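Secondary and tertiary structure notes
If you want the building blocks of each chain, they are given just below.
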Amino acid sequence: MSFEQLNKFDRIVAILIQLQSKRIVKAQDLADRFEVSLRTIYRDIRSLQTAGVPIASEAGVGYELVEGYRLPPVMFTREEASSFVAAEKLMQKFIDKRLGDHFASAIAKMKAVLRMADKDWISSIESQVQVRTAQSIFNEKVPEALSVLFDSLAQKVQVEIRYKKIESSTPEIRKIEPVGVFHENDFWYIMAYCHLRKDYRRFRTDRIQGILKTETPFTKEHPELKEFLNQRKEVPRTKVRIMVEPKVAAYLQWNRHYHGFTEEKETSQGIEMTFMSSYPESDFARWFLGFGDHARILEPESLKASVRSIVAKQMENLKEK
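Residues numbered from 1 in each chain as written. Predicted model: local features only at pLDDT ≥ 70, side-chain atom pairs only at ≥ 80, totals over all residues. Heavy atoms only, no water.

**Some remarks on the pattern of salt bridges**
Side-chain pairing between opposite charges can occur once the charged atoms of the two side chains come close. The condition that has to hold: The salt bridge criterion pairs a side-chain nitrogen of Lys or Arg with a carboxyl oxygen of Asp or Glu, the two atoms within 4 Å. Secondary structure follows DSSP: runs of H or I at least 4 residues long count as helices, runs of E at least 2 residues long count as strands, and numbering of each begins at the N terminus. Residue exposure (1.4 Å probe, protein chains only): buried if accessible area is under 20% of the type maximum, exposed if over 50%, otherwise partly exposed.
On inspection of all chains with the given rule, the structure shows 14 salt bridges. Asp-44 serves as the salt-bridge partner of Arg-11, at 2.5 Å between the closest nitrogen and oxygen. Within this pair, whereas Arg-11 is found in helix H1 (residues 3–21), its partner Asp-44 is found in helix H3 (residues 38–50), the two being separated by 33 residues in sequence. For Lys-226, the salt bridge identified is with Glu-224, shortest N-O distance 3.7 Å. By relative accessible area, Lys-226 is classed as exposed at 52%. By relative accessible area, which is 48% here, Glu-224 ends up partly exposed. When salt bridges with common partners are traced through the structure, they connect Glu-172, Arg-174 and Arg-197 into a single cluster.

Quick look at the structure:
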């Protein structure tokens, strides 16, 4: 069998697995996943149908397996089995307790079909892999936040939350219609229609003090989550250039992207970094102060003024009274 034929065989098997994992699978999603043309996907689907796999299709919707058709469990490779370890460790830290318990149960079922040698392989590395987070991304008193939100999204029913804003000492009761959930900058966020504010708002899961799924259906059709996330990219941005000492520049690479980093170049005076910042006079200015004794601002002048103002207030606060 040629290399090209082997790739085709692997892809067709993978397509069949995808069809078993979802009710509807779009041809474009398959083409994107396997980095092939739509025409290739159409041919692969026809190959499966010719082999006797009952695949139904509907123009503009996608492909689905006829109800009741299933293949026996597919054996995992050692490399796939190893990925379970990383996935399980990440899920333990980045989802709430209830979903974590469900995931642990699912992982146990997947491990059950492994060969004994692969089970030993996983056991030998599980204790050697750890995931540590800088902060808690869920309120410990609300261990089911993501689970409730997922149920709400699927059933299209409202959720009642007790939400504490960062500047408030007491939580507010909000009734929301979740649009979607996303993870960004080490936190989980909910985009939802808020009945109190009569508008769409973003909520952070660690600030939820209580959550309850109601039986009240959504009152309106909501745009997809990606539309809200794309809108945020349209916030006006300001070009910022700074010059940083080389010994410090290397330590900025982990969080510079949060501030709109676009490029850097070496110069005789140091590392010149360019950003497109949404909030140069506030967020960027305060971030810059963390390493400002080893850097200088090239532009804009408004950023320099903001940093001077913050430093002046700090100096005033440091004066003995």
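**Some details on the environment of Val-179**
Put simply, the rule reads: In what follows, a contact means two residues having at least one pair of non-hydrogen atoms within 4.5 Å.
Counting through the fold element by element, Val-179 comes out in strand S4 (residues 172–184). Those residues in contact with Val-179 that sit more than four places away from it in its chain are Leu-153, Met-191, Ala-192, Tyr-193, Tyr-200, His-222, Pro-223, Glu-224, Leu-225 and Phe-228.

**Focus: the sheet that holds strand S3 (residues 157–163)**
For clarity, the threshold we go by: Two strands qualify as a pair provided that DSSP identifies no fewer than 2 bridges between them. Only C-alpha atoms enter the line fits that serve as axes; for helices the fit covers just the stretch in contact. Angles between N-to-C directions range over 0 to 180 degrees.
Taken in spatial order, the 5 strands line up as S6-S5-S4-S3-S7 in an open sheet, and their pairing is antiparallel. Each edge of the open sheet carries a strand with a single partner, namely strand S6 (199–204) and strand S7 (208–217). Mean inter-strand twist for the sheet, computed between neighbouring axes without regard to direction, equals 45 degrees. Contacts from helix H7 (residues 145–155) reach S3, S4, strand S5 (187–194) and S7, with the element oriented near 95 degrees to S4.

**So, the nonpolar core**
Here is the rule: Side-chain atoms within 4.5 Å link the members of a nonpolar core, which is a set of buried Ala, Val, Leu, Ile, Met, Phe, Trp, Tyr and Cys residues.
Core analysis: the largest hydrophobic core is formed by 37 residues, its most contacted members being Leu-146, Ile-161, Ile-176, Trp-188, Phe-203, Ile-208 and Ile-211. Of all the elements, S5 adds the most residues to this core, at 8 residues. Once residues within four sequence positions are removed from consideration, Ile-208 is found in contact with Asn-139, Val-142, Ile-161, Arg-162, Tyr-163 and Ile-190. Among the nonpolar cores identified, the runner-up in size contains 20 residues, and Ala-249, Leu-252, Phe-288 and Ile-310 belong to it.

**Focus on a positive patch on the surface**
Note the cut-off: Patches here are clusters of residues that have more than 30% relative accessible area and form no salt bridge, with a 9 Å joining cutoff for like charges and a 5 Å cutoff for nonpolar side chains (Val, Leu, Ile, Met, Phe, Trp, Tyr). Surface exposure here means Shrake-Rupley accessible area, sampled with a 1.4 Å probe, where a residue is shielded only by the protein chains that are shown. Charge convention: Lys and Arg are scored as positive, Asp and Glu as negative, and His as well as the terminal groups of each chain are ignored. All charge positions are set by atom: Lys at NZ, Arg at CZ, Asp at CG, Glu at CD.
Positive charge collects at one region of the surface, where Lys-8, Arg-39, Arg-43 and Arg-46 lie side by side. Broken down by element, the residue count for the positive patch peaks at 3 residues, all from H3. For Arg-39, the position within the fold is in helix H3. When its relative accessible area of 63% is taken as the criterion, Arg-39 is described as exposed.

**Focus: the sheet that holds strand S8 (residues 238–244)**
An order of S9-S10-S8-S11 is seen for the 4 strands of this open sheet, with the pairing classed as antiparallel. The open sheet has two free edges, formed respectively by strand S9 (261–267) and strand S11 (295–299), since each of these has just one partner strand. Strand after strand, the sheet turns through a mean of 25 degrees between neighbouring axes, direction not considered. Alignment of S8 against S11, held across 4 bridges, turns out to be antiparallel. Among the inter-strand pairings, Val-244 is bridged to a residue of S11, identified as Ala-295. Sitting on the sheet, helix H11 (residues 301–318) is in contact with S8 and S11, with an inclination near 140 degrees to S11.

**Structural notes on the packing of aromatic side chains**
Spelled out, the test is: Stacked, tilted and edge-to-face pairs are distinguished by plane angle, under 30 degrees for stacked and over 60 for edge-to-face with tilted covering the rest, among Phe, Tyr and Trp rings (Trp via its six-membered ring) whose centres lie within 6.5 Å. Whether a charge sits over a ring depends on NZ of Lys or CZ of Arg being within 6 Å of the ring centre and within 35 degrees of the ring normal.
Within this structure, the stated rule accounts for 10 aromatic pairs. Ring plane angle 50 degrees and centroid distance 4.8 Å describe the contact between Tyr-200 and Phe-228, whose orientation is recorded as tilted. With Tyr-200 in strand S6 and Phe-228 in helix H8 (residues 225–232), this residue pair connects regions lying 28 residues apart in the sequence. Like Phe-228, Tyr-200 is buried. Note on Trp-287 and Phe-291: the rings are 4.9 Å apart at their centroids and 75 degrees apart in plane angle, and the pair reads as edge-to-face. Of the two residues, Trp-287 and Phe-291, neither departs from the other in class, the shared state being buried. Through pairs of rings, three or more aromatic residues link up here, namely Phe-261, Phe-275, Phe-284, Trp-287, Phe-288 and Phe-291. Between Arg-202 and the ring centre of Tyr-189, over which it is positioned, the NZ or CZ distance is 4.7 Å. Over the ring of Phe-187 we find Arg-204, and its NZ or CZ is 3.7 Å from the ring centre.

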